[in-house]
Amino acid sequence: MADTEGHDTAGLKGGDLVKRHSISTRLWHWLNAFTIFTMIGSGLMIFNAHPHLYWGNYGTNYWQPGSAFYDHPWLEIVNHGTKGELIIGSMHINTTGVLGVSRFESFPGWMTLPGSYSLAVARRWHLFFAWVLVLPWVAYLLVSLFNRHIQRDLAPTRAELTPKAIWQDIIDHAKLKFPKGAAALHHNFLQKLAYLSVLFALIPTMILSGLTLSPGMTAAWPWLLWLMGGRASARSVHFICMSLIVGFIVVHLALVVVVGPYNEIRSMITGKFRLPREKAPKPSLTPAQEPAE
Amino acid sequence: MTFSLNVTRRSLVAGATTGAGLLLSGCDKLAQNPQFMDMLGTGEKLTYRVQRSISDRAALAPEFGASQMSPHFRTNGNTMPSSTEYAAHMAENFANWKLVVDGLVANPLSLSLADLQSMPKRTQITSHNCVEGWTAIGKWTGVPLGMLLKRANLRPQAKYIVFHCADSFGAAPYYESIDLIDGFHPQTILAWGLNDAMLPVGNGAPLRLRVERQLGYKQAKYVMRVEAVDSLAHIGQGRGGLWEDMINYEWYAGI
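Residues numbered from 1 in each chain as written. Chains lettered and ligands numbered in written order. Predicted model: local features only at pLDDT ≥ 70, side-chain atom pairs only at ≥ 80, totals over all residues.

Overview of the overall build of chain A
To be explicit about the condition: Starting at the N terminus, helices and strands are each numbered in turn, a helix being any DSSP run of H or I of at least four residues and a strand any DSSP run of E of at least two. Field definition: a residue is buried when 20 or more other C-beta atoms are found within 10 Å of its C-beta, exposed when 12 or fewer are, and partly exposed for counts in between, with C-beta atoms placed from the backbone.
When helices and strands are counted, chain A shows nine helices and seven strands. Of all 293 residues assigned to chain A, the portion counted as buried reaches 28%.

Things to note about the overall build of chain B
Put simply, the rule reads: All radius of gyration figures rest on C-alpha atoms, and the globule criterion is 2.2 Å times the number of residues raised to 0.38.
Counting its secondary structure elements, chain B contains seven helices and ten strands. Its C-alpha atoms give chain B a radius of gyration of 23 Å, more than 25% over the compact-globule value 18 Å for 255 residues. C-alpha extents for chain B along the principal axes are approximately 90 × 45 × 40 Å. The buried share of chain B, reckoned over its 255 residues, is 40%.

Re the environment of Ile170(A)
Mapped onto the elements of the fold, Ile170(A) is located in helix α4 (residues 163–174). Sequence separation between Ile170(A) and Phe189(A) is 19 residues, and the spatial gap between their C-alpha atoms is 8.9 Å.

A closer look at the sheet that holds strand β4 (residues 75–80) of chain A
All names here are of chain A. Going by this rule: The pairing criterion for strands is at least two bridges between them, as found by DSSP.
Strand order in the open sheet made by the four strands is β3-β4-β5-β6, with antiparallel pairing throughout. Each of the sheet's edge strands pairs with one partner strand only, and the pair in question is β3 (52–53) and β6 (91–94). Where β3 and β4 come together, two bridges link them in antiparallel fashion. Looking at the pairing, His 52 lines up with Glu 76 of β4.

Quick word on the packing of helix α5 (residues 189–212) of chain A against helix α8 (residues 231–259) of chain A
Residue and element names in this part refer to chain A. Put simply, the rule is: The angle between two axes is taken between their N-to-C directions and runs from 0 to 180 degrees, where each axis is a line fitted to C-alpha atoms and a helix contributes only its stretch in contact. Orientation categories follow fixed angle ranges, with anything under 35 degrees roughly parallel, anything over 145 roughly antiparallel, 65 to 115 roughly perpendicular, and all other angles oblique. Crossing handedness is defined as follows: a turn of the near helix away from the far one that is anticlockwise and smaller than a right angle gives a left-handed crossing, while the clockwise case is right-handed. Contact definition: two residues whose C-beta atoms, as placed from backbone geometry, lie within 7 Å. Any residue outside Ala, Val, Leu, Ile, Met, Phe, Trp, Tyr, Cys, Pro, Asp, Glu, Lys and Arg is labelled polar, Gly included; the first ten of those are nonpolar and the last four are charged.
Taken N-terminus to C-terminus, the directions of α5 and α8 make an angle of 150°; their axes are 8 Å apart at the nearest point. Judged on the interaxial angle alone, α8 and α5 are roughly antiparallel. Relative to α8, α5 is oriented so that their crossing is left-handed. Taken together, the residues of α8 that come into contact with α5 (itself represented by Ala 194, Val 198, Leu 202, Thr 205, Met 206, Ser 209, Gly 210 and Thr 212) are Arg 231, Ala 234, Val 237, His 238, Cys 241, Leu 244, Ile 245 and Phe 248. When its residues are assigned to classes, the contact of α5 with α8 shows ten nonpolar, five polar and one charged.

A word on the confidence of the model for chain A
Residues and elements named next belong to chain A. To keep things clear, this is the line we draw: In predicted models, pLDDT denotes the confidence assigned by the predictor to each residue on a 0 to 100 scale.
Looking at chain A as a whole, the pLDDT averages 88, with 90% of positions reaching at least 70. Element-level mean pLDDT values for chain A span from 42 in strand β1 (residues 2–3) up to 98 in helix α7 (residues 223–228). Contacts for the low-pLDDT stretch residues 1–6, under 50 throughout, to residues beyond four places or in other chains number 15 contacts.

Remarks on the nonpolar core
As a reminder, the rule being used: The nonpolar core is taken to be a set of buried Ala, Val, Leu, Ile, Met, Phe, Trp, Tyr and Cys residues joined by way of C-beta atoms within 7 Å. Delimitation of the domains relies on an automatic or database domain assignment.
Ranked by internal contacts, the top residues of the largest apolar core, which has 93 residues, are Phe163(B), Cys165(B), Leu190(B), Ala191(B) and Val223(B). Ranked by residue count, the leading element in this core is helix α2 (residues 119–146) of chain A, at nine residues. Lining this core are residues from two domains, each supplying at least three of them: domain 1 (9–50) and domain 2 (61–247) of chain B. Leaving out residues up to four positions away in the same chain, Cys165(B) has contacts with Pro173(B), Tyr174(B), Tyr175(B), Ala220(B), Lys221(B), Tyr222(B), Val223(B) and Met224(B). One finds Val18(A), Ala182(A), Ala184(A) and Phe273(A) within the second-largest nonpolar core, a separate group that totals five residues.

Brief notes about the packing of α8(A) against helix α9 (residues 261–269) of chain A
Residues and elements named next belong to chain A. Direction vectors running N to C along α8 and α9 enclose 120°, while the axes themselves pass 6 Å from each other. When the axes of α8 and α9 are compared, the pair comes out oblique. Contacts between α8 and α9 pair Val 256, Val 257 and Val 259 from the former with Pro 261, Glu 264 and Ile 265 from the latter.

Section: the interface of chain A and chain B
Between chain A and chain B, the residue contacts involve 42 residues of the former and 53 residues of the latter. Elements with a contribution of two residues or more to the side of chain A that touches chain B: α1 (23–48), α2, α6 (215–220), α8 and α9 of chain A. Ranked by residue count, the leading element in the side of chain A that touches chain B is α2(A), at nine residues. In the side of chain A that touches chain B, the residues fall into 27 nonpolar, eleven polar and four charged.

Considerations on the sheet that holds strand β10 (residues 223–229) of chain B
Residue and element names in this part refer to chain B. If you trace the five strands from one edge of the open sheet to the other, you get β2-β1-β10-β5-β6, paired in mixed fashion. The open sheet has two edge strands, β2 (109–112) and β6 (172–179), and neither has a second partner. Each adjacent strand pair in this sheet contributes to an overall mean axis angle of 20°, direction not counted. Note: strand β5 (residues 160–169) against β10, six bridges, orientation antiparallel. Residue Phe 163 lies in a different strand from β10, and its bridge partner there is Val 226. In this fold helix α5 (residues 145–152) packs onto β1 (98–103), β2 and β10, with an angle of close to 135° to the strand it touches most, β2.

What to know about the environment of Ser233(A)
All names here are of chain A. Take Ser 233: it is sitting in helix α8. Taking the C-alpha atoms as reference points, Ser 233 and Pro 114, 119 residues apart in sequence, are found 26 Å from one another. With residues near it in sequence (within four places) discarded, Ser 233 still touches Trp 55, Gly 56 and Met 228.

A closer look at α4(A)
Three- or four-residue spacings in an α-helix give side chains the same orientation, since the helix completes a turn every 3.6 residues. We apply this condition: What a helix should span is 1.5 Å times the count of its residues minus one.
Here α4(A) contains twelve residues, and its C-alpha end-to-end distance of 16 Å stays within 8% of the 16 Å for a straight helix at 1.5 Å per residue. Leu176(A) sits one or two residues past α4(A) and shows a positive phi near 55°.

What about unusual backbone geometry?
In this structure, the amide linkage connecting Leu113(A) to the following residue, Pro114(A), adopts the cis form with an omega of 0°. Looking at where Pro114(A) falls in the secondary structure, it is placed in the loop between β6 and α2. Here the residue pair Ala205(B) and Pro206(B) is connected by a cis peptide bond, since its omega of 5° sits within 30 degrees of zero. Looking at the secondary structure, you find Pro206(B) in the loop between β8 (197–198) and β9 (208–210).

Examining the confidence of the model for chain B
A low pLDDT means the predicted coordinates there should not be read in detail. Across chain B, the average pLDDT comes to 93, with 95% of residues at 70 or higher. Reported for the predicted complex are a pTM of 0.91 and an ipTM of 0.92.

Focus: the pairing of β4(A)
Residue and element names in this part refer to chain A. For β4 and strand β5 (residues 83–88), the ladder comprises six bridges, and the chain directions are antiparallel. Looking at the pairing, Glu 76 lines up with Ile 87 of β5. Between β4 and β5, which follow one another and run antiparallel, lie two residues, and Gly 81 among them has a positive phi close to 80°.

In structure tokens, the structure reads:
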């Protein structure tokens, strides 16, 4: 079995079984998989405690008959007795049976942690695993900058950043055409973009917006409120980042399935990865249409 | 060596969904284990230590301008204590109501609302940050708690300040507690005014705590008695507050 840690991939070809992921990468991946799972489940439960999102410094959804006061949410998941409804701006979407099932179940029990309403238990999960998410993330960034993993494997190369190369990568993805042989060991541009977005945009924004919800933190670091545009906005930003991370996970899992679930999941468990076999070029393709190997 | 494994997308999606469902119910089982919940609770203790260590003990919660206030400060939780004693005070407009400051103090106090209002006051426009996720901005006026504690002369053994309230949930009276860092924090006040008016009954009349670096459930309403203690173990069920006792809210509510 070849060791590809140093990315000396000369002589490797499709069908070879190589070592792809280090033990630290594999452990961190599965720890994150579990952590993100608990964070989303408990976060949805926390959302259920007040299923309304606003922009600005405040928002209470306080209204009583005859009262003129109402803070306008931009997103709500409400229960109207027999009907559940997702409201985004002026858009009303009937979600009966899925969202807004009951007073305390904007997100249904099968999505939340715990499965029946408990804000206190959800907060325990959330505020414990927040540390499990953040501390290894910081460690990963430090180690990966130090050992140049980020610069070497995640930073796009100059060649990848040309409009033509980006367009080609988009087309390859749309056709579900992925690199074969040793080329499969390198991340392609869209993959790099996805990982970099999660590592350097979504996770930090998630952390900063989460901290902005903490009155202890906004006293320590008042700039958090300024950065997020208020506590009510921070809660909205936190929710949007969660949605984008869910989007990343869906695409990530879909691509694992498309590319080959057995080989991909094995590589994240044992570290071993079988390089995809090169196919003979189809006669209908001209050499110009062939992606560079 | 070749592997052939037939995995259809449908079965994988079904498998992933079932796996997630099993994992969630497994997590629910774990959460019924007290030791596991204690383990999760270490997150609170870590957060408490870290927040205390990165912020100055007098770091102020952000204050807002008059134009940034909520159009209306909503009520929440108990909005009318049910005791006959409270009803009598309310009927007299709190003229004979007294705040008691006692416990581990050298000089116990008993102060009328007029006494409290004649003391130096602090007014602050701050954000009320509910644990459920809503936020309201109001203008509070009251007497700094630290001033009362100095006047009462805390004994050296005192570690926590407990607030005993007139309202209750079921048979359990509301109470809350804070450490001395928050007790002497410049923004920690016993408020008798809200939005330039006397504190309404719905918001905790005649006196409520404002401890601005913590969540809403720490802001005890209808405060009748302030007690200095060395331990929270013998008050209520020993977790430092009614919600902490009843539904496991964390004692430190800085996050």
